[in-house]
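For reference, the chains in residue letters:
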Amino acid sequence: MDEIRERGQVVCLVNSNSPGFSVPDSNGVYQGFNPQFCRMAAAAIFGDAGKADIRGIGFSDSMKTIVSGEADMASRSITATGTRDADPGMAFVVTTFFDGQGFMVPKSLGITAASGLGGATVCAEEGSTTLSNVADWFSDRGMDYKIENIADKTARLQAFFGGKCDVLSSDLTALASDRLLAEKPDDFMLLPDIISNEPLAIVTRPDHQLEGAIFWAFQVMLWAEELNITSSNVDAIVADLGNQPKAVQRLLGRDAAMGEMAAKLGLNENWAVEVIRQVGNYDEVFQNTIGTASPMAIDRAVTPNRLSSKGGLHYPYPIR
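Below is a summary of the structure that appears in this document. These numbers were taken from a predicted model, which means no experiment stands behind them.

**A closer look at the environment of Gly118**
Next up, step 1: Looking at the element boundaries, Gly118 is found in the loop between β7 (101-106) and β8 (120-124).
Next up, step 2: For the pair formed by Gly118 and Arg141, sequence separation is 23 residues and the distance between their alpha carbons is 9.4 Å.
Next up, step 3: Setting aside residues no more than four positions away along its own chain, Gly118 makes contact with Met143 and Asp144.

**A closer look at the state of the cysteines**
Next up, step 1: With the rule as written, the count across this model stands at 2 disulfides.
Next up, step 2: At a sulfur-sulfur separation of 2.1 Å, the disulfide partner of Cys12 is Cys38. Sign of the S-S torsion, about -60 degrees for the bond between Cys12 and Cys38, identifies this disulfide as left-handed. Here Cys12 is found in strand β1 (residues 10-14), whereas its partner Cys38 is found in helix α2 (residues 35-46), with 26 residues between them in sequence. Cys38 shares its class with Cys12; the two are buried.

**Regarding the nonpolar core**
Next up, step 1: Ranked by size, the top nonpolar core spans 63 residues in total, and within it Phe33, Phe37, Met40, Ile214, Ile229, Leu252 and Trp271 carry the most contacts.
Next up, step 2: Examining the composition of this core, we find that 10 residues originate from one element, helix α8 (residues 208-226), more than from any other.
Next up, step 3: Contact partners of Met40, with chain neighbours within four places excluded, come to Ile202, Ile214, Ala217, Phe218, Met221, Val275 and Val279.
Next up, step 4: Of all hydrophobic cores here, the second largest spans 14 residues; its members include Ile111, Ala114, Ala120 and Val122.

**Some words on the environment of Thr112**
Next up, step 1: As for its placement among the helices and strands, Thr112 is situated in the loop between β7 and β8.
Next up, step 2: For Thr112, a relative accessible area of 58% puts it in the exposed group.
Next up, step 3: Residues Thr112 and Asp193, spaced 81 residues apart in sequence, show a C-alpha to C-alpha distance of 9.5 Å.
Next up, step 4: Residue contacts for Thr112: discarding those within four places in its chain leaves Leu191 and Pro192.

**Structural notes on the sheet that holds β8**
Next up, step 1: Taken in spatial order, the 5 strands make up an open sheet running β9-β8-β10-β7-β11, and their pairing is mixed. On the outer flanks of this sheet lie β9 (145-149) and β11 (188-190), each paired with one strand and no other. Strand-to-strand twist of the sheet, defined as the mean angle between neighbouring strand axes without regard to direction, takes the value 30 degrees.
Next up, step 2: Here helix α5 (residues 129-140) sits on the sheet in contact with β7, β8, β9 and β10 (167-171), set at roughly 80 degrees to β7.

**Description of the pairing of strand β12 (residues 198-204)**
Next up, step 1: Counting buried positions along β12 yields 7 of 7 residues, so the element is predominantly enclosed.
Next up, step 2: Sheet topology note: the strand β5 (residues 73-79)/β12 ladder contains 4 bridges and is antiparallel. Note that in β12 the partner of Ala74 across the bridge is Val203.

**What to know about the packing of aromatic side chains**
Next up, step 1: Applying the stated criterion to the full structure yields 21 aromatic pairs.
Next up, step 2: Both rings, one in Phe21 and one in Phe97, keep their centres 5.8 Å apart while their planes meet at 80 degrees; by these two values the pair is edge-to-face. A residue pair is termed long-range when its members are at least 10 positions apart, and Phe21 in the loop between β1 and β2 (23-24) and Phe97 in strand β6 (residues 91-99) qualify at 76 residues.
Next up, step 3: Of the residues examined, Phe97 reaches a relative accessible area of 3% and is grouped as buried.
Next up, step 4: Plain terms: the ring middles of Phe97 and Phe286 are 6.1 Å apart, the flat faces sit at 10 degrees to each other, and that makes the pair stacked. Here Phe286 lies in helix α13 (residues 282-289) and Phe97 lies in strand β6, a separation of 189 residues in the sequence.
Next up, step 5: Ring pairing ties together the aromatic residues Phe21, Phe33, Phe37, Phe97, Phe218, Tyr282 and Phe286, which thus form one cluster.
Next up, step 6: When the ring centre of Phe286 is taken as origin, the NZ or CZ atom of Arg300, which lies over that ring, is 5.7 Å away.

**Observations concerning the pattern of salt bridges**
Next up, step 1: The full count for this structure, using the stated rule, is 12 salt bridges.
Next up, step 2: Taken together, the shared-partner salt bridges in this structure form one network comprising Glu3, Arg7, Asp72 and Arg205.

**What to know about the packing of α2 against α8**
Next up, step 1: Look at α2 against α8: their axes get within 9 Å of each other, and the N-to-C directions meet at 105 degrees. When the interaxial angle is binned, α2 and α8 end up roughly perpendicular. Facing α2, whose interface residues are Phe37, Met40, Ala41, Ala44 and Ile45, α8 presents Leu210, Ala213, Ile214, Ala217, Phe218 and Met221.

Cut-offs and rules
- Residues numbered from 1 in each chain as written.
- Predicted model: local features only at pLDDT ≥ 70, side-chain atom pairs only at ≥ 80, totals over all residues.
- Heavy atoms only, no water.
- Helix = DSSP H or I, 4+ residues; strand = E, 2+ residues; numbered from the N terminus.
- Contact = heavy atoms within 4.5 Å.
- Disulfide = S-S within 2.5 Å.
- Buried < 20%, exposed > 50% of the residue type's maximum accessible area, 1.4 Å probe, protein only.
- Core = buried A, V, L, I, M, F, W, Y, C linked by side-chain atoms within 4.5 Å.
- Pairing = 2+ DSSP bridges.
- Axes fitted to C-alpha atoms, helices over the stretch in contact; angles between N-to-C directions.
- Phe/Tyr/Trp six-rings, centres within 6.5 Å; stacked < 30°, edge-to-face > 60°.
- Lys NZ or Arg CZ within 6 Å of the ring centre and 35° of its normal.
- Salt bridge = Lys/Arg side-chain N within 4 Å of Asp/Glu carboxyl O.
- Parallel < 35°, antiparallel > 145°, perpendicular 65-115°, else oblique.

Shown next as structure tokens:
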């Protein structure tokens, strides 16, 4: 955290081309679900979401870059696993999206379920949990398959869309995003089978202050949704803070604990308000990037990515 504050920026890694999740706009600025958590960190630490230095990078290089200290955090759909978390060079801080691995196939194959994939050639990403999940799934069912282990995403998609592979396997959200990159997206479909649990987490360099800053900034976004605070109404709520419920007063700064947390974690004095004002609550980020009104068209209501109060897995931790 000392290095980050001295540098004046937080260096954050994202996927270089994942529609909905992270893709550069016409000005080269990364947009989507995952870059917003880079901006969340910058808003909490500096009070300025623009102080996130967001860089696109391939999956296999992202964790190496964190371990080498060349980046501070990664928000690029990395699955938290036991062996990865045991690496002393990385810290898995908080799950931003609960996902699961699946399969995408050309509609022309006429396959409607994974049980019909016997003998298929599967394209998958080198170095990912995808390979071991595919191996376990096919082995458990006594089904033959071949693997095309391709690290480069562009080459992997070319192989799949070009017919070198019968199946592309990855997280369901990644598949939904990749389908949009096909010349004719409607020629491809996602099978309904989910073969793994994939908690997609923010990864940082091991540092108590940095880990705490990221974790609690994310809790602010969850609490803001729970308390119906948005980027649009937060200023009005702050202006009338004395008449707000105690939970709102605590979250938005009228509580000594928030100031103590800011001092101990190296955060901006007004950190919670700035996260909400500049980035939004969790639902705002979800709906604006991958929700039903976006090309990704993910219905949050049928995913585990709801608040726990609505039957989901996102459980806001107490900030007090």
